[in-house]
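The chain contents come next:
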Amino acid sequence: MQQAALLDAARVLLAEGGREALNFGALAARTGLARSSVYEYFRSKSELVEALCAVDLPLWAAEIEAGMAACDGAAERIEAYVRGQLALATDPVHRALVAVAEYELDDAARARIRAAHTGLTAMVVHTLEELGHARPAVAASLLQGVVEAAVRQIERAREAADGTEIADTAVRFALDGLRSGAVAAPQVEPEPGPAPG
């Protein structure tokens, strides 16, 4: 229970002050523990961050999956997949946790986090099969690239309205680009030959 309380306190610190606010002194003050006691649960800040990721990433993935499951059609599930992830991008705890994970974790830990994110892509493969894609896994990776690009744009957005517009654009882009399995190449008229002489 004390470990869960420390994770809750870490989330509050991340929400209130971002990556810089998360330190063991602040955790101790927030939970009423001695600073040395925090080390009984987490040997380092990296260990704390990885524990947060291990708990929170599956919960966030489950939220997105539930949003998709509540939709009837394939296109609506694609929209829920995109909007669910972009909503997380505006969540202060999620944003700060991603930032601190990138800064604090070693390569092996970051690889484990990336593997957890791969589960998000797997969620949408079946839906892309329904939309008629011959290579749904490739399409899912491309769709995730659209989402990640939109996340970066939202992080740079100055106002909430900008984030909403970016989300709407990402959804339109995803659906228009993914609804059919392939876009026919434009027909090119042959170059006219020399006039018969």
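If you're wondering where the values come from, they're calculated on a predicted model, not measured in any experiment. (Residues numbered from 1 in each chain as written. Predicted model: local features only at pLDDT ≥ 70, side-chain atom pairs only at ≥ 80, totals over all residues. Heavy atoms only, no water.)

**Remarks on the nonpolar core**
Heads up, the rule is: Nine residue types can take part in a nonpolar core, namely buried Ala, Val, Leu, Ile, Met, Phe, Trp, Tyr and Cys, and a core is a set of them joined through side-chain atoms within 4.5 Å. For the exposure calls, accessible area comes from a 1.4 Å probe over protein chains only, and a residue counts as buried if that area is under 20% of its type's maximum, exposed if over 50%, partly exposed in between. The secondary structure listing takes helices from DSSP runs of H or I that are at least 4 residues long and strands from runs of E that are at least 2 residues long, numbered from the N terminus. By definition in these notes, contact holds between two residues if any of their heavy atoms fall within 4.5 Å.
Counting residues in each nonpolar core, the largest one holds 58 residues, and the members touching the most others are L22, L27, Y81, V82 and L86. Mapped onto this core, the elements with two or more residues apiece are α1 (2-17), α2 (24-31), α4 (45-69), α5 (74-89), α6 (92-104), α7 (107-130), α8 (136-156) and α9 (160-178). If we ignore the near neighbours within four places in the chain, the residues touching Y81 are I64, M68, L120, T121, V124, L143, Q144 and V147.

**Remarks on α1**
Stated formally: For a helix, the expected span equals 1.5 Å multiplied by the number of residues minus one.
Here α1 contains 16 residues, and its C-alpha end-to-end distance of 22 Å stays within 8% of the 22 Å for a straight helix at 1.5 Å per residue. Turning to α1, its buried residues number three or more, namely L6, L7, A9, A10, R11, L13 and L14. Structurally, α1 contributes buried residues whose contacts are with α2, α3 (35-41), α4 and α6. Backbone geometry just downstream of α1 places G18 in the positive-phi region, at approximately 75°.

**A word on the confidence of the model for the protein**
What counts, and what does not: The pLDDT value tells you how sure the predictor is about a given residue, anywhere from 0 up to 100.
Mean pLDDT for the protein: 82, with 88% of residues reaching 70 or above. Counting contacts from residues 180-190, a segment whose pLDDT is below 50, to residues more than four positions away or on other chains yields 3 contacts.

**As for the pattern of salt bridges**
Side-chain pairing between opposite charges can occur once the charged atoms of the two side chains come close. Here is the rule: Between Lys or Arg on one side and Asp or Glu on the other, a salt bridge is scored when a side-chain nitrogen of the former is within 4 Å of a carboxyl oxygen of the latter.
The full count for this structure, using the stated rule, is 8 salt bridges. The shortest N-O distance in the salt bridge between E16 and R30 comes to 2.8 Å. Of this pair, E16 sits in helix α1 while R30 sits in helix α2, and the two are 14 residues apart along the sequence. Its relative accessible area of 58% is what places E16 among the exposed residues. As a salt-bridge pair, R19 and E20 come within 3.6 Å of each other at their nearest N and O atoms. Looking at R19, the relative accessible area reads 26%, which means it is partly exposed. Salt bridges sharing common partners tie together D8, R11 and D56.

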